[in-house]
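This is what each chain is made of:
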Amino acid sequence: MKLKSNIATSENGFIFNPATGDSFSGNGMAAQLLEAMKSGKTEDDIKQDILSRYEVSESQLNSDWDNWMLQLKEANLLEI
Amino acid sequence: MEKLPYEKPYIKKLQAGALNKFGSRTGLQPFKSIDGVSVKSLIENYGSPVFVLSEKQIRKNYRAAYRAFSTRYPKVQFAWSYKTNYLNAVCQIFHQEGSWAEVVSGFEYRKALGNGVPGNKIIFNGPGKSINDLQLAIEHDSLIHIDHFDELNLLLTLSKNLVNKPRVAIRINMDTGVYPLWDRFGFNYENGEAWSAVTKITGSGSLQLVGLHCHIGTYMLSADAYGIAANKLAELAVRCQTELNHKIEYLDLGGGFPSTNTLKGAYLPGNDTVPTIDDFAEVITSALLNFGFANDDLPLLILESGRVLIDDAGYLLGTVIANKRLANGKGAAIVDFGVNILFTSFWYEHQVSPAQDFAAHTENMVIYGPLCMNIDVIRESINLPLLNPGDQVVVHKVGAYNMTQWMQFITLRPAVVLIDEKLRTHLIRKNETLEYTAEPELVPAHLNNNK
Amino acid sequence: MANKYANLCIAVTGLNANDNPGPGMAVIRCLKECFRDGLRIIGLSYESLEPGIYLRDQVNKTYQLPYPTEGTAALVERLAYINGQEKLDLIIPNFDSELFNFIKIAPQLQQMGIATYLPTHQQLALRDKVNLKNFGTKNGFYVPADHKLYTTDDIKKAADEFNFPMVIKGKFYDAYVVYTMDQALKAFHQLYAAWGVPIIAQQYIKGNEINISALGDGNGYNISLVAMRKLYITDKGKAWAGVTIKDDKLTQLADNFARASNWKGGYEIEVMSDAEGHLYILEINPRFPAWVYLTAAAGQNQPVALAKIAMGEGVEPYADYQAGKLFVRYSWDHIADIADFQQISAFGEL
């Protein structure tokens, strides 16, 4: 589950996929996760970090993570 | 250290499309209470899902409608359309306000009697009255609105040897320029059928023709059609007077006024486009006032409004069961109420509001009910914030038809709660139980395992 | 005396200068020609790829509006916000489908200090495709016969009466000339999906296409009218080139329409002149046409006249315009950065 390497993210939460021409906007949490994924952190590290800083249960985060992966896949932003 | 508030991660594709009717609907606000009673407490006390009715809103609607007509026309009577919502508590509110009862079956007729409505204040409509029903209505001196010649002939037979002649009206269908033309109910105006029914009744000597009735359609978005209908009824009444020397006491313009729900396929929302009750009142009353009846000889104007008086007083509260992402990437929410209790979702795009605060991001999604049936879709496309399982939602403007057309299917029908004018809550229909649904069932001995 | 129009801020919709263009950019061009540098133009868009958004030398700033389907409450809220940023003097809406809402909120806009110059709901309704035939019959205009289509069964009835070809039209936009039942069905389904029912089937009239752009004063008279003969027509039926013409019969037609309707605001009459010289009204659009700049070129700047009346100035009716002014539309690839697209898409402002 790796983010495609050439995905361009901008400070104000925009994502541009140069391979397809698609643009996306994301909320704050999406921007954070993208940043973390781009920096090469593992899934576990990212989750641990979010759990330590945000008001969210582990089970909620796990289920949202699965949904997040589906969104990225649907958006064609993951390496296959 | 205090933790930061969390929101689900979410990305949205930036689309470029053309202007068409499937615009996003935003302007969302959390809807946390009804008449000051919190949604949360209602669900806590009465379960989820639950229907909630506002007595304050019902009375307000009735009074506004009555005022709209009575300030323009001297003789006005409303008759509550039982089929719209015949929960006894609801009917009693309307009867307290001065409404008669308008019923369309023996079942509804008996319900009205049970609610203490005097027989002469019950209007009996509909194409399906049985001999027993008619006899009961004759005994109670009710106003019988005849739908077809077979019913008329039956009534003539039943009334042959009666001292008190039954009071009847005929239902008339007509071309008022609206689509579709409802020609399945009553006698046609244009082809002369209505006139021959009139002459047959007045000539019989055994029935009193007291009224003329029409009901030109449902969810009428043009007031003008009612002007045409009022004119045609008035014309017929005057013809009765001049040709048959017979006075028609009342004209019943029926119902069909829309609520402000948005119809499926409509481009603009109902809130903006639906004519107001004053628009309808203006057209109908000015048609009658200008028709040329002598001033002290105006017929009584009867209205059988249902939907417009109660739709926006009803709410359905429910709970999100789960979220899903469909194969095409579209979001979906599953809620705990289905189309079996929200029939109107087949023809309205019901407004659905979250009942708690939410994050700003919205997503276009489908709302599914809990039934294991493909047709169980509450909204095919709606923009809502990301909802969590357990979140509560409110469906608006569900007071008309749902609490009568609902059916017990797969799940049990929920409770109905009334919030009175002093903001007290009352259970006016209990939620169904397994025992309630099993009560009428019988199992033959050879199939009975519980001996 | 100081120029009272020195600091004008006018908002305009219809920035979709594409192959089926909205009038917004032409209206802006007209306004700029008169009010020049003192004028700030605010674009109001619905979609993030309306070209006008990106033409920054024409449009100072663009704000996204909620779709008409979201209703007037959302529209008022958004315009109040925009007004807070920009202090608008006037709004000129240019889409048919948004007019119902703008007419409804015009009194609220006036309270905010924003002028409009719009027809009434009754006027909007009487020229609606659904009512046009009735209006014509009542007032002695030639209007092609039509049928309202609610189901595919209705198409057959219409075809029996009109034969092929006939015209299938959407409630707000789009029209297709169809030659077979299959094409008619296809058009019906497309229009149904985009705009809902009723869909209108109209008798096809053969002849010369003429359009009249006009400005009604709300009291039965036209302040301006300019007629244009289409010289080149795109496959969507839009004029790609046209020339101003003058004919008393056309003037009379527009004057009769103004008298019959008391129209207030800009409008366009689409006319078909058949072989016998009868002028059939095919459609009446409740706003200026996309070719409205030709009115300025021919000597009657209609958007400027509208702006002045809306802001309270008395404007004398125009007497004459120049026949023989030609317009040839051209397309142009404007360059912008994807960041602009992201900005307007996500934040609704650029």
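All residue numbers refer to position in the chain's written sequence, counted from 1. To read the labels, note that chains go from A and ligands from 1, taken in the order they are written. With pLDDT at 70 or above as the cut-off, local features in this predicted model cover only qualifying residues; side-chain atom pairs require 80 or more to be listed or tallied, and sums for whole chains, interfaces and linings still use all residues. Neither water nor hydrogens contribute to the side-chain values; these are computed over all heavy atoms in the structure.

**Digging into the interface of chain B and chain A**
To keep things clear, this is the line we draw: The contact criterion used is simple: two residues touch if any of their non-hydrogen atoms lie within 4.5 Å. Joining two parts hides part of their accessible area as seen by a 1.4 Å probe, and the buried area is that hidden amount summed over both. For this analysis, a salt bridge means a side-chain nitrogen from Lys or Arg found within 4 Å of a carboxyl oxygen belonging to Asp or Glu. Identification of polar contacts relies on pairs of N or O atoms within 3.5 Å, with a donor-acceptor requirement for protein atoms, meaning one able to donate a hydrogen and the other able to accept it, and with residues adjacent in sequence counted only if both atoms are side-chain atoms. Put simply, DSSP H or I for four residues or longer makes a helix, DSSP E for two residues or longer makes a strand, and each gets a number counted from the N terminus. Just so you know the grouping, Ala, Val, Leu, Ile, Met, Phe, Trp, Tyr, Cys and Pro go in nonpolar, Asp, Glu, Lys and Arg go in charged, and all remaining residues, Gly too, go in polar. Should DSSP find at least two bridges between two strands, the strands are taken to pair.
Across the boundary between the two partners, chain B contributes 18 residues, which contact 30 residues of chain A. Here chain B meets chain A over a buried area of about 2,200 Å², counting both sides, of which 58% is carbon and sulfur. The largest share of the area that chain B buries against chain A comes from B:Tyr6, B:Pro9 and B:Ile11, three residues that together contribute 34% of it. Counting every contact that joins chain B to chain A gives two salt bridges. In this structure, B:Lys8 engages A:Asp64 in a salt bridge whose closest nitrogen and oxygen atoms are separated by 2.9 Å. At the junction of chain B with chain A, the criterion picks out twelve residue pairs in polar contact (both at pLDDT 80 or more). Looking at the side of chain B that touches chain A, the elements with two or more residues in it are strand S1 (4-5) and strand S2 (11-13) of chain B. It is S2(B) that provides the largest number of residues to the side of chain B that touches chain A, a total of three residues. Tallied by class, residues from the side of chain B that touches chain A come to eight nonpolar, four polar and six charged. For strand S3 (residues 23-26) of chain A and S2(B), the ladder comprises three bridges, and the chain directions are antiparallel. Residue pairing in the sheet places A:Phe24 in a bridge with B:Lys13 of S2(B).

**Considerations on helix H1 (residues 39-46) of chain B**
Residue and element names in this part refer to chain B. The test is simple: Summary of the burial criterion: residues with accessible area below 20% of their type's maximum are buried, those above 50% are exposed, and those between are partly exposed, where the area comes from a 1.4 Å probe applied to protein chains only. Note that the arc is defined by the directions from the helix axis to the C-beta atoms.
Turning to H1, its buried residues are Val 39, Leu 42 and Ile 43. All buried residues of H1 project into a common sector of 95 degrees when viewed along the axis, lining one side. What points out from H1, more than 90 degrees from its buried face, is the exposed set Lys 40, Glu 44 and Asn 45. Once H1 finishes, Gly 47 follows within two positions and takes phi at roughly 90 degrees, a positive value.

**Digging into the domain arrangement of chain C**
Convention followed: Each domain's extent was defined by an automatic or database domain assignment.
For chain C, the domain assignment lists domain 1 (8-117 + 333-347) and domain 2 (145-203). Summarising the inter-unit geometry, the C-alpha centres of domain 1 of chain C and domain 2 of chain C are found 32 Å apart.

**A look at unusual backbone geometry**
Following B:Ser48, the chain continues into B:Pro49 via a peptide bond in cis, with omega recorded as -5 degrees. Among the secondary structure elements, B:Pro49 is positioned in the loop between H1 and strand S5 (50-54). Within the chain, C:Asn262 stands out as a residue other than glycine whose phi angle is a positive 55 degrees. With respect to the helices, strands and loops of the structure, C:Asn262 is situated in the loop between helix H8 (248-261) and strand S12 (264-273). Residue C:Asn262 is classed as partly exposed on the basis of its relative accessible area of 34%.

**Digging into the pattern of salt bridges**
Residues and elements named next belong to chain B. Throughout the structure, instances matching the rule amount to 30 salt bridges over all chains. A salt bridge links Lys 247 to Asp 297, with the shortest nitrogen-to-oxygen separation between them at 3.2 Å. Placement of Lys 247 in the loop between helix H8 (224-244) and strand S13 (250-252) and of Asp 297 in the loop between helix H10 (277-289) and strand S14 (300-303) is noted, with a sequence separation of 50 residues between them. By relative accessible area, which is 38% here, Lys 247 ends up partly exposed. Residue class for Asp 297 comes out partly exposed when judged on its relative accessible area of 31%. Salt bridges sharing common partners tie together Glu 55, Arg 59, Arg 63, Glu 97 and Glu 421.

**Some points on the interface of chain C and chain A**
Listed per partner, the contact involves six residues of chain C and six residues of chain A. Of the roughly 480 Å² buried between chain C and chain A on both sides combined, carbon and sulfur atoms contribute 70%. Sorting the residues of chain C by area buried against chain A places C:Ile338, C:Gln342 and C:Phe347 first, and these three jointly supply 72% of that buried surface. Linking chain C with chain A are zero salt bridges. Here chain C is connected to chain A by one residue pair in polar contact (both at pLDDT 80 or more). Split by residue class, the side of chain C that touches chain A holds four nonpolar, two polar and no charged.

**Describing the sheet that holds strand S13 (residues 279-285) of chain C**
All names here are of chain C. Where we set the bar: Between the N-to-C directions of two axes lies an angle of 0 to 180 degrees, each axis being a line fitted to C-alpha atoms and, for a helix, fitted only over the stretch in contact.
Spatially, S13-S12-S9-S10-S11-S14 is the arrangement adopted by the six strands of the open sheet, whose pairing is antiparallel. Two strands in the sheet have a free side with no partner beyond their single neighbour: S13 and strand S14 (326-328). Geometrically, the sheet is characterised by an average inter-axis angle of 25 degrees between neighbouring strands, direction not taken into account.

**Remarks on the sheet that holds strand S3 (residues 61-64) of chain C**
All names here are of chain C. With parallel pairing, the four strands of this open sheet are ordered in space as S3-S2-S1-S4. Single-partner strands in this sheet number two, and they are S3 and strand S4 (90-92). Taken pair by pair, the neighbouring strands of this sheet meet at an average axis angle of 25 degrees, ignoring direction. The pairing of strand S1 (residues 8-12) with strand S2 (residues 39-45) spans five bridges and is parallel. Looking at the pairing, Val 12 lines up with Gly 43 of S2. On the sheet, helix H1 (residues 24-35) packs against S1, S2 and S4 and is oriented at approximately 165 degrees with respect to S1.

**Observations regarding the packing of aromatic side chains**
Each aromatic ring pair is described using two quantities: the centre-to-centre distance and the angle formed by the ring planes. Residue and element names in this part refer to chain B. Using the following cut-off: Only Phe, Tyr and Trp rings are paired, with Trp represented by its six-membered ring, and only when their centres lie within 6.5 Å; those with planes under 30 degrees apart are stacked, over 60 edge-to-face, the remainder tilted.
Using the criterion set out here, one finds 31 aromatic pairs over all chains in the structure. Ring centres of Trp 80 and Phe 94 lie 3.7 Å apart, and the angle between their planes is 10 degrees; this geometry places the pair in the stacked category. With Trp 80 in strand S6 (residues 76-81) and Phe 94 in helix H3 (residues 88-97), this pair connects stretches of sequence that are 14 residues apart. The pair Trp 80 / Phe 94 is uniform in exposure class, with both members buried. Members of the aromatic cluster, joined through ring pairs, are Tyr 62, Tyr 66, Phe 69, Phe 78, Trp 80, Phe 94, Tyr 226, Phe 257 and Phe 280.

**Describing the UniProt feature "domain: ATP-grasp" (unreviewed entry) in chain C**
What counts is decided by this rule: UniProt positions are given in the numbering used here, feature names are shortened, and annotations may be inferred rather than shown by experiment.
Annotation from UniProt places "domain: ATP-grasp" (unreviewed entry) at residues 133-311 of chain C. For residues 133-311 of chain C, helix accounts for 34% and strand for 35%, while the C-alpha atoms at its two ends are 35 Å apart.

**A word on the domain arrangement of chain B**
Residues and elements named next belong to chain B. The domains assigned to chain B are domain 1 (33-52 + 312-431) and domain 2 (55-308). A C-alpha centroid distance of 33 Å is found between domain 1 and domain 2. Listed by partner, the interface residues are 24 residues for domain 1 and 25 residues for domain 2. A buried area of about 2,300 Å², summed over both sides, lies between domain 1 and domain 2, and 52% of it is on carbon and sulfur atoms. The largest share of the area that domain 1 buries against domain 2 comes from Tyr 348, Tyr 401 and Glu 421, three residues that together contribute 27% of it. One can count two salt bridges joining domain 1 with domain 2. Of the charged contacts, one joins Glu 421 and Arg 59 as a salt bridge, the two residues approaching to 3.6 Å between their closest N and O atoms. Where domain 1 meets domain 2, there are 13 residue pairs in polar contact (both at pLDDT 80 or more). Elements supplying a minimum of two residues to the side of domain 1 that touches domain 2: helix H12 (402-405), strand S21 (415-419) and strand S22 (425-429).

**A closer look at the nonpolar core**
As a rule of thumb, nonpolar side chains are buried together in soluble globular proteins. Our working definition: Buried Ala, Val, Leu, Ile, Met, Phe, Trp, Tyr and Cys residues that are joined via side-chain atoms within 4.5 Å together make up what is termed a nonpolar core.
By size, the foremost hydrophobic cluster in this structure holds 105 residues, and its most contacted members are B:Phe69, B:Ile170, B:Leu212, B:Leu251 and B:Leu253. Ranked by the residues each element gives to this core, the list is headed by H8(B), at nine residues. Contact partners of B:Leu253, with chain neighbours within four places excluded, come to B:Cys214, B:His215, B:Tyr226, B:Ala229, B:Ala230, B:Leu233, B:Ile284, B:Leu301, B:Ile302 and B:Leu303. Counting 43 residues, the second largest nonpolar core, distinct from the first, contains C:Ala11, C:Leu124, C:Tyr173 and C:Trp195.

**Quick look at a nonpolar patch on the surface**
All names here are of chain B. Selection rule: Every patch collects residues that have over 30% relative accessible area and no salt bridge, joining them within 9 Å if they carry like charges and within 5 Å if they are nonpolar side chains (Val, Leu, Ile, Met, Phe, Trp, Tyr). For every accessible area listed, the method is Shrake-Rupley and the probe measures 1.4 Å; residues are considered covered only by the protein chains on display.
A contiguous nonpolar surface patch, about 460 Å² in accessible area, is contributed by Phe 346, Trp 347, Met 373, Ile 375 and Ile 410. Counting through the fold element by element, Phe 346 comes out in the loop between strand S16 (331-335) and strand S17 (352-354). Take Phe 346: its relative accessible area is 38%, and that puts it in the partly exposed class.

**Overview of the side chain of B:Arg307**
All names here are of chain B. Note the following rule: Two residue types count as positive, namely Lys and Arg, and two as negative, namely Asp and Glu; His and chain ends fall outside the count.
Note on placement: Arg 307 falls in helix H11 (residues 307-310). Buried charge Arg 307 goes without a salt bridge, the closest partner of opposite sign being Asp 311 at 5.0 Å. Of note is the side chain of Arg 307, whose polar atom sits 2.5 Å from the side chain of Tyr 348. Excluding anything up to four places from it in sequence, Arg 307 contacts Thr 84, Thr 218, Tyr 219, Phe 257, Pro 258, Ser 259, Trp 347, Tyr 348, Ala 400 and Tyr 401.

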